[in-house]
Amino acid sequence: MSRYPFMERVDEYMDTRRGILADTSWTGQYRRYRRMERDLIQLKEENRISTLSPARMTEGDVKEFIIYRKGKKTGYSDVSHDITALEQLLVYCGNVSVRQCLQNNPGLRAPPRPPRLDPLPPEVYPAILEAYRKCDHDDLAMVRAFSLVLMSIACGTRNKELRLADVSDLDTDRWLLTIRHVKGEATYGVVRTVPVPEDVRPAVLNYLYLRNECLSQLNRRSNALFCAFRGETDHLSSNSFRKIKSKVEEAIGFTFELRDCRRTFGQNYLDKGMRVESLSVLMGHNTTKTTETYYCRVPESQAIEEARRLW
């Protein structure tokens with residue numbers, strides 16, 4: 001037997017998947033198998049499994065691997081993907097041990113998918129816009145906070161994506177934001193561009209003016225769209241972003257998470273009739289399944305109305 005039988009069979013199997021899976025999906029699954037091999041080698045060295053050969057793995061080996069992954073506090077979704085990937089490989093090798101293991105040990109299955117979290121209540125976004133209109137437009141701290149939150153909602157950005165944005169990523173002529181530091185950057189992530197809606201532009205322009213004035217007074221420069229004005233003027237930390245967001249919470253009397261802003265972005269566009277395929281592109285998802293499963297879905301009332309029109 002080869003010293004690395006697991007990856008030898010993985011290479012064979014993944015060759016059959018070329019052209020079937022999207023390039024990003026293929027790369028992601030191959031990377032998963034590489035990580036799984038490292039875990040299996042460790043289990044073999046500890047004598048917890050009997051073999052590294054996918055064709056010879058037993059129900060006991062499969063069970064030990066799943067228990068090991070769960071013991072590392074791995075998320076249920078990741079464990080579920082591991083189980084699916086291992087089953088596909090073993091079935092390719094003529095081995096049904098994963099299927100048998102799960103049938104005989106139903107408790108090993110990943111727990112049910114958690115419910116989709118809700119977007120912000122519909123009255124919150126107008127309340128934020130109104131609070132901005134009433135705030136002191138010469139107060140850099142407040143204007144920055146409103147600009148940050150409004151862009152999070154209107155552009156559907158993740159915390160990291162907006163936090164690491166540069167001034168040059170924002171085109172105020174065409175009002176487009178290019179998101180370069182996407183989830184999975186340098187691996188499966190793809191740079192995307194989103195429009196900046198008209199109702200948030202006054203706050204953004206107000207912030208950019210105050211930002212430049214402050215940097216000029218400090219005789220400093222910064223490429224960061226949202227930069228620190230004390231000490232370093234580079235990109236802010238995640239914790240700083242949350243603290244800035246809290247100023248908006250205080251102004252409207254409502255507490256929320258930045259992740260709620262991204263879900264609100266998706267649900268708002270979907271409610272206004274955007275095709276889920278287009279929305280998925282704007283949110284940076286590889287498939288519409290991710291968009292619908294975790295972020296937003298056409299409301300029942302809209303589905304009923306569409307059905308009435310089409311019947």
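Before going into details, it helps to say that this report is about the structure given with it. (Residues numbered from 1 in each chain as written. Predicted model: local features only at pLDDT ≥ 70, side-chain atom pairs only at ≥ 80, totals over all residues. Heavy atoms only, no water.)

A few points about the side chain of R35
Mapped onto the secondary structure, R35 falls in helix α2 (residues 23-45). Here R35 falls in the buried class, since its relative accessible area comes to 16%. Each residue touching R35, except ones within four places of it in the same chain, is listed here: F65, R69, D78 and D82. (Helix = DSSP H or I, 4+ residues; strand = E, 2+ residues; numbered from the N terminus. Buried < 20%, exposed > 50% of the residue type's maximum accessible area, 1.4 Å probe, protein only. Contact = heavy atoms within 4.5 Å.)

Things to note about the state of the cysteines
Scanning the entire structure with this criterion turns up zero disulfides. The structure places no disulfide on C214, whose sulfur is separated from the nearest cysteine sulfur, that of C227, by 7.6 Å. Its relative accessible area of 16% is what places C214 among the buried residues. With no disulfide of its own, C296 lies closest to C261 among cysteine sulfurs, the gap being 14 Å. (Disulfide = S-S within 2.5 Å.)

Things to note about the sheet that holds strand β1 (residues 170-171)
In space, the three strands of this open sheet follow the order β1-β2-β3, with antiparallel pairing throughout. For this open sheet the edge positions go to β1 and β3 (192-195), each flanked by a neighbour on one side alone. Here four bridges tie strand β2 (residues 176-179) to β3, and the two strands are oriented antiparallel to one another. Counterpart to T178 in the pairing with β3 is T193. (Pairing = 2+ DSSP bridges.)

Quick word on the nonpolar core
Counting 59 residues, the largest nonpolar core has M151, L177 and F226 as its most contacted members. Elements with a contribution of two residues or more to this core: α6 (124-134), α7 (140-155), β2, α9 (201-218), α10 (238-252), α11 (258-271) and α12 (276-283). By residue number, the principal contributor to this core is α7, which donates 12 residues. With near-sequence residues (within four places) excluded, M151 lies in contact with G156, T157, L162, L170, L177, V204, L225 and F226. The next biggest cluster of nonpolar side chains, apart from the first, holds 29 residues, and it includes M7, V10, Y13 and I83. (Core = buried A, V, L, I, M, F, W, Y, C linked by side-chain atoms within 4.5 Å.)

Focus: the packing of α11 against α12
Axis separation between α11 and α12 bottoms out at 10 Å; the angle between their running directions is 155°. Between α11 and α12, the crossing angle belongs to the class labelled roughly antiparallel. Crossing angle aside, the handedness with which α11 passes α12 is right-handed. The residues of α12 that touch α11, namely those facing R262, F265, G266, Y269 and L270, are V276, L279, L282 and M283. (Axes fitted to C-alpha atoms, helices over the stretch in contact; angles between N-to-C directions. Parallel < 35°, antiparallel > 145°, perpendicular 65-115°, else oblique. Left-handed = near helix turned anticlockwise from the far one by under 90°.)

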